[in-house]
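# A structural walkthrough
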Amino acid sequence: MHPTDIRGRHSRGGGLVGLFLLVLLVAIVYVGGEWYVTQHVKTALGESLQQDTQQELVVESVGMDGWLLSGRRTGDAVVVLPSGERVPVEFTMIGNPLTGSTIKIEGDERLKLRLREIFGNLL
């Protein structure tokens, strides 16, 4: 009997398939986690910016740096105004959506949006 022969069958490749499935599962969980965090940030930014204006704002896209489980992540979002103008907004997220996060809008981004509402295209 050959040492790799188990009950008449060869046991080659089983570990490789298991490793592939494990890597695939980890990748799916990571991508799903990133999607969840992005949706959380879109919602929170929309609600936060909506408090400062009477216009209907839409957060179109969010880009963040850092790893999924980082305690502090910074990023940029694109906010679409009712006029169709796209305005970049910088933000910082501290924490994570599962245990609680705080999203801080950087610099004078709120003021810029408020001035655009008041003065429109004159700026």
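Placed above this text is the structure.
First, a word on scope: everything that follows refers to the structure included in this document. The structure presented is a predicted model; accordingly, all values stated were derived computationally and were not measured.

Among the structural elements, N96 can be located in strand β5 (residues 86–96). Owing to a relative accessible area of 24%, N96 belongs among the partly exposed residues under this scheme. Along the backbone, N96 and G71 are 25 residues apart, and their C-alpha atoms lie at a distance of 6.9 Å.

In space, the four strands of this open sheet follow the order β3-β4-β5-β6, with antiparallel pairing throughout. Edge positions in the open sheet fall to β3 (58–64) and β6 (100–105), since each of these has one partner strand only. On average, adjacent strands in this sheet sit at an angle of 30° to one another, irrespective of strand direction. For β5 and β6, the ladder comprises six bridges, and the chain directions are antiparallel. Looking across to β6, one finds that G95 is bridged to S101. Here helix α1 (residues 14–50) sits on the sheet and contacts β3, β4 (72–80), β5 and β6; the angle it forms with β3, its principal contact strand, is near 135°.

Cut-offs used in this document
- Residues numbered from 1 in each chain as written.
- Predicted model: local features only at pLDDT ≥ 70, side-chain atom pairs only at ≥ 80, totals over all residues.
- Heavy atoms only, no water.
- Helix = DSSP H or I, 4+ residues; strand = E, 2+ residues; numbered from the N terminus.
- Buried < 20%, exposed > 50% of the residue type's maximum accessible area, 1.4 Å probe, protein only.
- Pairing = 2+ DSSP bridges.
- Axes fitted to C-alpha atoms, helices over the stretch in contact; angles between N-to-C directions.
- Contact = heavy atoms within 4.5 Å.

Shape is all these values report; function is a separate question.
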